[in-house]
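Residue-level structure breakdown
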Amino acid sequence: MPTSNPTGRSGDLEGTVVLVCGAGSSGEAVSNGEAAARTYARAGAAVACLDRDSDEAERVAAEIAAEGGTALALTADVCLEDDVARAVRRVAEVWAPPAGLHNNVGAPVVGDVRELDRERWDQALAVNLTSCYLTVRHVLPAMLDAGRGAIVNVSSTASIRATGYTYPAYSAAKAGVNQLTVSLALTYADRGIRVNAVLPGLIDTPLVGRSVVEDATALDEQRAARAAASPTGRMGSPWDVAEAALFLMSDRAAYVNGVLLPVDGGLSARST
């Protein structure tokens, strides 16, 4: 699996329009969403790069264009239904309705239930779960009309096991993403729609320093501790997650449906 930016082009998604929600990055390093957008583009997809930060959406679209790919920048908050509907319409106006949807938007909300007020609990569910509902709600009709479509939801190993962090709202929301994935997969399987999820483990993304690590002054130490917690002895890369997502999005996974695929170096398979 790649631990850095792969440069090859596969052609697995040639001519496919893919909407990547959360394509930007919250820091200088590459995020899961950016890696997915660029990987899909390298596979031949026309990629709509959606992010609530317009600068980030434009930056990733420009990166794709610089590599010879096809991209469109979109600004939207996927927690707002009007924003989602407008973005999906825009993709259809420029190219065609998305045949692929990648739901990457999400963020850990740290704190046990005694510390979490209702507003932060609701925020965790909105960002990590309701956003998936809204994007699927507006992309699915055109997929059904076309008789084909692939959806990849980004969940987390925190949805199926303890990961060493106290974030019950995040874990609960991502568990909801898992069951939403399975429900959609079974509901629409006979109409040409596949829905799968990737469950990243300890991945080295900008969110590590912004949302999960409690003491920013000890970031290097805590990053080292995350690496040591993995069976591989290292954190995964966003490119690892993106390559798994590419497989699920492509026709190579034509008979793969309703799968919750851990991308975690074996973390979820370990008993302790």
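Now for a quick tour of the structure. (Residues numbered from 1 in each chain as written. Predicted model: local features only at pLDDT ≥ 70, side-chain atom pairs only at ≥ 80, totals over all residues. Heavy atoms only, no water.)

Before going further, it helps to examine the overall build of the protein chain. Secondary structure assignment for the protein chain yields eight helices and seven strands. Taking 272 residues into account, the globule formula puts the C-alpha radius of gyration at 19 Å, and the protein chain, at 17 Å, falls close to it. Seen through its C-alpha atoms, the protein chain measures out along the principal axes to roughly 45 × 40 × 35 Å. Out of the 272 residues in the protein chain, the part that is buried amounts to 49%. A separation threshold of at least 6 residues defines the contact pool for the protein chain, and within that pool the share at least 24 residues apart is 76%. With an accessible surface of roughly 12100 Å², the protein chain has 50% of that area assigned to carbon and sulfur atoms. (Helix = DSSP H or I, 4+ residues; strand = E, 2+ residues; numbered from the N terminus. Rg over C-alpha atoms; globule rule 2.2 N^0.38 Å. Buried < 20%, exposed > 50% of the residue type's maximum accessible area, 1.4 Å probe, protein only. Contact = heavy atoms within 4.5 Å. Areas by Shrake-Rupley, 256 points an atom, 1.4 Å probe, with all protein chains shown as cover.)

Before going further, it helps to examine the nonpolar core. Judged by nonpolar contacts, the single largest core of 27 residues is most densely connected at Leu13, Ala37, Tyr40, Val47, Cys49 and Val198. Going through the elements one at a time, strand E1 (17-21), helix H1 (32-42), strand E2 (46-51), helix H2 (54-66), strand E5 (149-154) and helix H8 (238-249) are the ones with two or more residues in this core. Sorting elements by how many residues they give to this core places H8 first, with six residues. Leaving out residues up to four positions away in the same chain, Val47 has contacts with Val18, Val20, Ala37, Tyr40, Ala41, Ile64, Thr70, Ala71, Leu72 and Trp95. Counting 26 residues, the second-largest nonpolar core is a separate cluster that includes Val78, Ala87, Val88 and Val91. (Core = buried A, V, L, I, M, F, W, Y, C linked by side-chain atoms within 4.5 Å.)

With that out of the way, let us pick up the environment of Val182. Checked against the element boundaries, Val182 lands in helix H5 (residues 168-188). Separated by twelve residues in sequence, Val182 and Arg194 have C-alpha atoms that sit 9.9 Å apart. Those residues in contact with Val182 that lie beyond four places of it in its chain are Gly258 and Leu260.

The subject of this paragraph is the side chain of Asn104. When you line up the elements, Asn104 lands in the loop between strand E4 (100-103) and helix H4 (118-146). Accessibility expressed as a relative area gives 12% for Asn104, which makes it buried. Dropping the residues within four chain positions of it, Asn104 is found in contact with Cys21, Gly22, Asn32, Gly33 and Val154.

Going through the model one piece at a time under the given rule, you end up with two aromatic pairs. Measuring from ring centre to ring centre gives 5.8 Å for Tyr165 and Tyr167, while their planes differ by 35°; the resulting arrangement is tilted. Between Tyr167 and Tyr170, the ring centres sit 4.8 Å apart and the planes meet at 55°, which makes this aromatic pair tilted. Here the aromatic residues Tyr165, Tyr167 and Tyr170 are joined through ring pairs into a cluster of three or more. (Phe/Tyr/Trp six-rings, centres within 6.5 Å; stacked < 30°, edge-to-face > 60°.)

With that out of the way, let us pick up the pairing of E1. Burial runs high along E1: five of the five residues are buried. Burial along E1 is two-sided: the face carrying Val17, Leu19 and Cys21 and the face carrying Val18 and Val20 are both buried. Inspection of the sheet shows E1 paired to E2 by five bridges, in the parallel sense. Across the sheet, Val18 pairs through a bridge with Val47, a residue of E2. As for the winding sense of the linkage, the β-α-β connection from E1 through H1 to E2 is right-handed. Bridge analysis of E1 against E4 gives four bridges, and the strand direction is parallel. Note on E4: the bridge partner recorded for Cys21 is Asn103. (Pairing = 2+ DSSP bridges. Right-handed = clockwise from strand over helix to strand, strands pointing away.)

In short, the description is geometric, and any link to function would need to be established separately.
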